[in-house]
4 protein chains.
Amino acid sequence: MVDTTSENSASGHSESRADGNYGGGRPVAPTVSDLLAELVAEGLLSEPDSTRARLLTCAAGLFEQKGFARTTVRDIAAGVGILSGSIFHHFSSKEEILRCAMEEVTLHARALMAAAVAASDTPREQLRACIRCELEAIHGEAVPGFSILVLEWRSLSSESQARVLRLRDSYEEIWRKVFAALDGPLDDPALSRRLIQGAIAHTHNWFKPEGRALSLEKLSDRILAVFAPA
Amino acid sequence: MVDTTSENSASGHSESRADGNYGGGRPVAPTVSDLLAELVAEGLLSEPDSTRARLLTCAAGLFEQKGFARTTVRDIAAGVGILSGSIFHHFSSKEEILRCAMEEVTLHARALMAAAVAASDTPREQLRACIRCELEAIHGEAVPGFSILVLEWRSLSSESQARVLRLRDSYEEIWRKVFAALDGPLDDPALSRRLIQGAIAHTHNWFKPEGRALSLEKLSDRILAVFAPA
Amino acid sequence: MVDTTSENSASGHSESRADGNYGGGRPVAPTVSDLLAELVAEGLLSEPDSTRARLLTCAAGLFEQKGFARTTVRDIAAGVGILSGSIFHHFSSKEEILRCAMEEVTLHARALMAAAVAASDTPREQLRACIRCELEAIHGEAVPGFSILVLEWRSLSSESQARVLRLRDSYEEIWRKVFAALDGPLDDPALSRRLIQGAIAHTHNWFKPEGRALSLEKLSDRILAVFAPA
Amino acid sequence: MVDTTSENSASGHSESRADGNYGGGRPVAPTVSDLLAELVAEGLLSEPDSTRARLLTCAAGLFEQKGFARTTVRDIAAGVGILSGSIFHHFSSKEEILRCAMEEVTLHARALMAAAVAASDTPREQLRACIRCELEAIHGEAVPGFSILVLEWRSLSSESQARVLRLRDSYEEIWRKVFAALDGPLDDPALSRRLIQGAIAHTHNWFKPEGRALSLEKLSDRILAVFAPA
DNA sequence: TATGAATGAGTATTCATTCAT
DNA sequence: GATGAATGAATACTCATTCAT
C-alpha cells in the first residue's frame, strides 16, 4: 500500500516553487502534486486512496514481483482487503487491470519527469534528470510497478497495447524534446533513447540500491557520461 | 523446426579454418561445429534432431513468443508432433523444460561467440564480435529463443536459476576477458557490460531486422561506438 | 415497455357494451378494462405504470426471450431504468419475480378471455374465442410474456408452482365451462383441452404472424375445426 | 444409465424380421438395431457404453429434468462417475454437450420411428406408428431426454441450432412421407404435423404413464382420431 | 517411448443478494 | 425508494501431471 501523495514529495524533485524564480527568466516549474491533481481532475488518474487506485497500485506491484500470469485476481483483491468478486465492479477483466495499471504508472512517471525537467537548467541537466527519474521509477518507491511496462508488455492484447502506447508516447515526447535541445546533438537521438531505455530497464535485474557502493545518483551520472560524453 | 547443424554454418563467422593461418601466429580458431559437437559429446547439449532437442527448440520459441505461463505443454508437444503425455518421458516438469531450454540456448550462444572472438584479431574487434553475436542471438535464426534468458527469468525457481547461472557465467567470462584486453580499458567493465546487455536485450522490443535502414551490422557498430569510443 | 391499459382496447374483442343488448336476454358482458380495474382494486394485479408493474412486464418479456436462468436481475432492472439492488425493494428474490410475472400474465389473459367469451353468442363461438385469445396471448401484444407459463414452469419451486396453479385453474375453469356447454359434447373434454393447449403453446415455436398467409384468425378456425368438427 | 441395445427390443416394434414375410409382398423391414448399428458405423452415433455415449445419455436426462442452465458440468460428470475436468476431453464446451445430446436423441428417435413405420401396413397405421413413437420417445425409456429438443431449444446458439435442424429435418421427412401417403389426405399436412407435434410435446407436462387409466396406446389412438378421423 | 483418458487443483468471471448511505 | 459497492458461493473451463495400455 502506497500513499501516492507522500510519494511525490519523497521524490525530492518537486518540493515547491520557492526557488526564487519570481523575477527569474525561467518560468515557474509546476509541482508534481499540481500535475497529478490535474490528472485526477481530468479523470485520467484514479482518485488517490480510492479502492480503484489501491487495486491498481497493488496489482502493479504483484505483476512486477510474480508476473501477470502468476498473479491471481484473488491475490490482488486480498492485497486491498476485498474479495475477488468485488474486483469486477471496478474492472471488467484481469487484462483491464493490467492496462489501467500501466496507464497510471505511465502518467505518474510522466508527471515526475516533467517536473524534474522543468526544474533543471541546462539541456544536459535535463537529460540527467530524465535518466535519474526513469531509474527512480524502477528502483525507488516513486512509481511502484513501473517495470511492468516492459516486463508484461506481451501480456496485453494488441488493442490494449495501442491504448497504452498513446500515453507512452506522451512520456517519450519529453525525452525527445530534451534530446533535441542538447548542445552537441547526438547523431541519432531515437537510437540513443532506445539504448538508454534498455540499459536502464535492465538495471531492474541487477541494481540493488540499498547499501551499495553505487548510488542511483552516481549510476545516473555514469549513464549520462556514456551516452552524452561531456 | 530448426536444423541446429546447418544454422551454425549460416551464421557466417565460423566457416572453416581454411583461412591461411596454417603457418600464422594466431592459434587455430575452433569452428562452431567443433565446439557444439564437443558439448554434445560431453552430454551437455542434446543430440541434434533428437526428440529432446526438438522439444527444447520448439519450447524456447514458444516461450519467447507467448511467454512461459501462456505456453501449454500441449503446445510444445504439438509443435514436435507428439502428445502432451509423452513430454514427461523427456522432462519431469514444465519448469525443467524452461531450464533446459535456457541451458541449451546459453551453450549455443557461447559457442557462437567463442568462435567469433577467436576469429577476431584486435580486442576492439573482439568486442564488436561479442556485441554482434549477442544481437544475432536475439534477432537472427542463430539461437532461437535466446531472449527467454531475460524475459522468463522470473518463471524459474531459484534452484533452477542457480543452475542456469553457472552456465551463464561461463558465457559472461568471454565478455570479461574481452573487456580486460581492451587497450584503453573502461573504468568499470562490469557496469559497461550490464549497460550493453540491457541495451542489446531491449532491441528485442523495437529492432526488426528485415528491410530496415539499420542493419544488424551497423547497429553493432553504433553500440560499439557508444560504449568504446575509438 | 407496454401500456397495459391501451393494450386491452387493442385486442378488439371487448370494446364496450354498446352492442345493443340493453334490453336483450344475454346479461351485460363486462369490459376487459372493468375486469382489470377490479383486479387492481383487489390488489391482485399491480397498479399499471407502477415500477412494480413495469418490472413484471419487462421481466416476463426477458424470460420469454432469453429464458429465466439467462436473464439477470440487472437486465430486468436496466429495462425499467433502475439499479439491480433496488429490485429487492419490490421482490424478495428473483424467483418471486418469475412467480409474480406468471400470476399477472395469467390474470391478464383470464380477463381478456372472460370478456371475449362473454361477448360470444353460441358455445362454439365461445370455444373459438378461447382459442383465439390463447393464440393472441402468445403472439399478439395482448399479454406479453404469456408463454413463460409453459417455457419456464420448471424454473419455479414447487411451492411457487402451487400458488400459480391456483390462478391457473381459474383460467382453465373458463375453458371447462365452454367445453361443457358445447352441443355435441366431446368424449373427453379434459384431454381435448390438453391437446389444444399443447398445439397452441407450440405455435410459439413456428408461427410468425407478420405478413403470413395464415392469419391468427384463420389459424383459430383450423384449430377449432380439428378439435370440434362442425 | 441405459443399455441402448436392450432398449430397442424393449420398444416392441422391432422384434425381428421373423414375421413371416419371407414370401410376403412387403419388403423386409429393417430392425432398429440394424439402423442404430449403421449410424454407429458411420460415426454419427457414439459407440454404445462408451464414456461419450454415457455422458450424452446422462446429460440429456439431466437437461430434461432440471433444465440446461441449472445442470452443472459437475452433475453430468458425477452421473457417469468421472470428474468434471475430464468432460472436456470429450466435448469442448457445455453447449456442445447439449448439441450432441440433441443429435443423438434425434437419430435415435428417427431409427425407432423408421423401423415402426416400415413394420406398418397401411398409411393410417403408419401415422399411428409415428404418433406412438413420438409419445414413447417422450415418455418411455426408449429415447431418454427426447423432450430437450423442445424444452432447451433456446439454450442453443444459432449455429448449433442450424446443425441440429439438419438432422431434425430427416426426422420430419418420415412424417411428411406418411402424411403424403394418407388416403383422404389432410388439407394442410404441415399444419397438422405442427399441431400434433405441439399436442404430443405438451403431454410431457401432464401425462404420467404409470398406472393411469389412459395408456400410451390409447392416447395414440385418441390423437390419431382427432387429426385423422376415420 | 508413445498414447490418451483421466485427474484435481486452480482460474477468471458471474450473479443474486445485502446493506450502509 | 433508490443507490452502488461489496459479498461469497457457484460456474465453466484449463492444464500440468499421472498411468495403464
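Residues numbered from 1 in each chain as written. Chains lettered and ligands numbered in written order. Predicted model: local features only at pLDDT ≥ 70, side-chain atom pairs only at ≥ 80, totals over all residues. Heavy atoms only, no water.

Chain A has the name TetR/AcrR family transcriptional regulator in an unreviewed UniProt entry, where Microbulbifer flavimaris is given as its organism.

Considering the overall build of chain A
Where we set the bar: Per the convention used, a helix needs a DSSP run of H or I reaching at least four residues, while a strand needs a run of E reaching at least two, with both numbered from the N terminus. The classification of residues rests on relative accessible area computed with a 1.4 Å probe and restricted to protein chains. Under 20% of the type maximum is buried, over 50% is exposed, and intermediate values are partly exposed.
Counting its secondary structure elements, chain A contains 10 helices and 0 strands. Along its sequence from the N terminus, chain A presents helices and strands in the succession α-α-α-α-α-α-α-α-α-α. Taken over 230 residues, chain A has a buried fraction of 48%.

Remarks on the relation of the copies chain D and chain C
The criterion, for reference: What sets the superposition is a least-squares fit of C-alpha atoms, and only residues with pLDDT of at least 70 in both copies go into it. Throughout, a residue-residue contact means that at least one pair of heavy atoms, one from each residue, lies within 4.5 Å.
The two copies are related by a screw motion: chain D maps onto chain C through a turn of 180° and a shift of 0.0 Å along the axis, at an RMSD of 0.1 Å. With respect to symmetry, the two chain copies, as superposed, fit the operation of a two-fold axis. Taken together, the interface assignments show that 100% of the residues at the interface of chain D recur at the interface of chain C, consistent with an identical surface on both copies.

Notes on helix α9 (residues 189-206) of chain C
This is how it is decided: An expected span of 1.5 Å times one less than the residue number is assigned to each helix.
When the terminal C-alpha atoms of α9 of chain C are compared, their 26 Å separation across 18 residues agrees well with the 26 Å that a helix rising 1.5 Å per residue should span. Taken across its 18 residues, α9 of chain C has 13 buried, putting it largely inside the fold.

A short note on the interface of chain B and chain A
Heads up, the condition is: Accessible area, probed at 1.4 Å, shrinks when two parts are joined; the buried area is that loss added up over both. Put simply, a salt bridge is a Lys or Arg side-chain nitrogen that is within 4 Å of an Asp or Glu carboxyl oxygen.
Each side of the interface is counted separately: chain B has 29 residues, and chain A has 29 residues. Carbon and sulfur atoms supply 62% of the area that chain B and chain A bury against each other, a total of about 2400 Å² over both sides. Applying the counting criterion to the chain B and chain A interface returns 4 salt bridges. In this structure, the salt-bridge partner of Arg 154 of chain A is Glu 152 of chain B, at a minimum N-O distance of 2.6 Å.

A few points about the protein's contact with DNA strand E
The line we're drawing: For each residue, the test is whether any non-hydrogen atom lies within 4 Å of the molecule or strand; if one does, the residue is near. Polar contact is the term for a pair of N or O atoms within 3.5 Å; when the atoms are in protein, one must be able to donate a hydrogen and the other to accept it, and sequence-neighboring residues count only if both atoms are side-chain atoms. Here the term charged refers only to Asp, Glu, Lys and Arg, the term nonpolar to Ala, Val, Leu, Ile, Met, Phe, Trp, Tyr, Cys and Pro, and the term polar to all other amino acids, Gly among them.
DNA strand E sits among 28 residues. The nearest are Lys 94 of chain A, Leu 83 and His 90 of chain B, Lys 94 of chain C together with His 90 of chain D. The sugar-phosphate backbone supplies 59% of the atoms of DNA strand E found within 4 Å of the protein. With respect to DNA strand E, the backbone of Leu 83 of chain B contributes an N or O atom lying 2.9 Å from a phosphate oxygen. Residue Ser 86 of chain B places a side-chain N or O atom 3.1 Å away from a phosphate oxygen belonging to DNA strand E. Here the surface near DNA strand E is composed, by residue class, of 8 nonpolar, 18 polar and 2 charged.

Quick look at the protein's contact with DNA strand F
Lining the immediate environment of DNA strand F, one finds 29 residues, of which His 90 of chain A, Lys 94 of chain B, Leu 83 and His 90 of chain C together with Lys 94 of chain D sit closest. In DNA strand F, the atoms that sit within 4 Å of the protein are 59% sugar and phosphate, with bases accounting for the remainder. At a separation of 3.4 Å, a phosphate oxygen of DNA strand F approaches a polar side-chain atom of Thr 51 of chain A. At a separation of 2.9 Å, a phosphate oxygen of DNA strand F approaches a polar backbone atom of Leu 83 of chain A.

Concerning the interface of chain D and chain C
Counting residues at the interface gives 29 residues for chain D and 29 residues for chain C. Interface area, chain D with chain C, both sides summed: about 2400 Å², of which 62% is carbon and sulfur. The interface formed by chain D and chain C contains 4 salt bridges. If you look at where chain D meets chain C, you find 10 residue pairs in polar contact (both at pLDDT 80 or more). Contributions of two or more residues to the side of chain D that touches chain C are made by α3 (51-66), α7 (148-151), α9 (189-206) and α10 (216-227) of chain D. For the side of chain D that touches chain C, a count of residues per class yields 13 nonpolar, 7 polar and 9 charged.

Notes on the packing of helix α6 (residues 123-139) of chain C against α9 of chain C
All names here are of chain C. The line we're drawing: As a rule, the C-alpha atoms of each element are fitted with a line to give its axis, helices using only the stretch in contact, and angles between N-to-C directions run from 0 to 180 degrees. Convention used here: angles under 35 degrees read as roughly parallel, angles over 145 as roughly antiparallel, angles from 65 to 115 as roughly perpendicular, and any remaining angle as oblique. By convention the crossing between two helices is left-handed if the near helix lies anticlockwise of the far one by an angle smaller than a right angle, and right-handed if it lies clockwise.
One can describe the packing of α6 onto α9 by two numbers: an axis separation of 9 Å at closest approach and a directional angle of 30°. Compared by their axis directions, α6 and α9 come out roughly parallel. The two elements α6 and α9 meet at a crossing, and its hand is right-handed. Contact residues: α6 offers Ile 131, Glu 134, Leu 135, Ile 138 and His 139, while α9 offers Arg 193, Gln 197, Ile 200, Ala 201, Thr 203 and His 204. The residue inventory of the contact of α6 with α9, partitioned by class, reads 5 nonpolar, 4 polar and 2 charged.

Some remarks on the environment of Arg 132 of chain A
All names here are of chain A. Following the sequence through the fold, Arg 132 ends up in helix α6 (residues 123-139). The spacing of Arg 132 and Ile 97 is 35 residues in sequence and 28 Å in space, taken between C-alpha atoms. A distance of 2.2 Å separates the side chain of Arg 132 from the side chain of Glu 217, its partner in a polar contact.

A short note on the relation of the copies chain B and chain A
Once chain B is rotated about the relating axis by 180° and shifted along it by 0.0 Å, it coincides with chain A to within an RMSD of 0.1 Å. Interface overlap between copies is the fraction of interface residues in one copy that are interface residues in the other; for chain B against chain A it reaches 100%, indicating a shared surface.

Here's the deal with the nonpolar core
What counts is decided by this rule: Buried residues of nine kinds, namely Ala, Val, Leu, Ile, Met, Phe, Trp, Tyr and Cys, make up a nonpolar core once their side-chain atoms join them within 4.5 Å.
Membership of the largest hydrophobic core comes to 139 residues, with the highest contact counts inside it found for Leu 127, Phe 146 and Trp 175 of chain C together with Leu 127, Phe 146 and Trp 175 of chain D. Discounting residues that sit within four places of it in the chain, Trp 175 of chain C has contacts with Met 113, Leu 127, Cys 130, Ile 131, Glu 134, Arg 193 and Ile 196 of chain C. With 137 residues, the next largest nonpolar core counts Val 117 and Phe 179 of chain A together with Ala 129 and Ile 196 of chain B among its residues.

What about the side chain of His 202 of chain D?
Mapping His 202 of chain D onto the fold places it in helix α9. Residue His 202 of chain D is classed as buried on the basis of its relative accessible area of 9%. Setting aside chain neighbours within four positions, we find His 202 of chain D in contact with Arg 194, Gln 197 and Gly 198 of chain C.

Comments concerning the UniProt feature "domain: HTH tetR-type" (unreviewed entry) in chain A
Cut-off, in case you're wondering: UniProt positions are given in the numbering used here, feature names are shortened, and annotations may be inferred rather than shown by experiment.
The UniProt feature table records "domain: HTH tetR-type" (unreviewed entry) at residues 49-109 of chain A. The distance separating the terminal C-alpha atoms of residues 49-109 of chain A is 18 Å; by composition the span is 66% helix and 0% strand.

Considering the UniProt feature "DNA-binding region" (unreviewed entry) in chain A
Mapped onto this numbering, the UniProt entry annotates "DNA-binding region" (unreviewed entry) at residues 72-91 of chain A. Across residues 72-91 of chain A, the secondary structure splits into 40% helix and 0% strand, with the terminal C-alpha atoms separated by 14 Å.

Considering the pattern of salt bridges
All chains considered together, the criterion is met by 56 salt bridges over all chains. Between Lys 66 of chain A and Asp 75 of chain A there is a salt bridge; the shortest N-O distance is 2.9 Å. A residue is classified by how much of its surface remains accessible, and Lys 66 of chain A, at 29% relative accessible area, is partly exposed. One salt bridge in this structure joins Glu 172 of chain C and Arg 193 of chain C, with 2.6 Å as the shortest N-O distance.

Digging into the packing of aromatic side chains
Residues and elements named next belong to chain C. Operational definition: Ring pairs shown here join Phe, Tyr and Trp side chains whose ring centres sit within 6.5 Å, with only the six-membered ring taken for Trp; geometry is labelled stacked below 30 degrees between planes, edge-to-face above 60, and tilted in between. Only lysine NZ and arginine CZ atoms are considered, and such an atom sits over a ring when it is within 6 Å of the ring centre and within 35 degrees of the ring normal.
A complete count under the given rule lists 18 aromatic pairs over all chains for this structure. Positioned above the aromatic ring of Phe 68, the side-chain terminus of Lys 94 is 4.4 Å from the ring centre. The positively charged end of Arg 193 is found above the aromatic ring belonging to Trp 175, 3.9 Å away from the centroid.

Some thoughts on the confidence of the model for chain A
Operational definition: Scored from 0 to 100, pLDDT records how confident the predictor is in each individual residue.
This prediction gives chain A a mean pLDDT of 87; 87% of its residues lie at or above 70. Note that residues 1-22 of chain A has pLDDT below 50 and, in this model, 35 contacts with residues that lie over four places away or in other chains.

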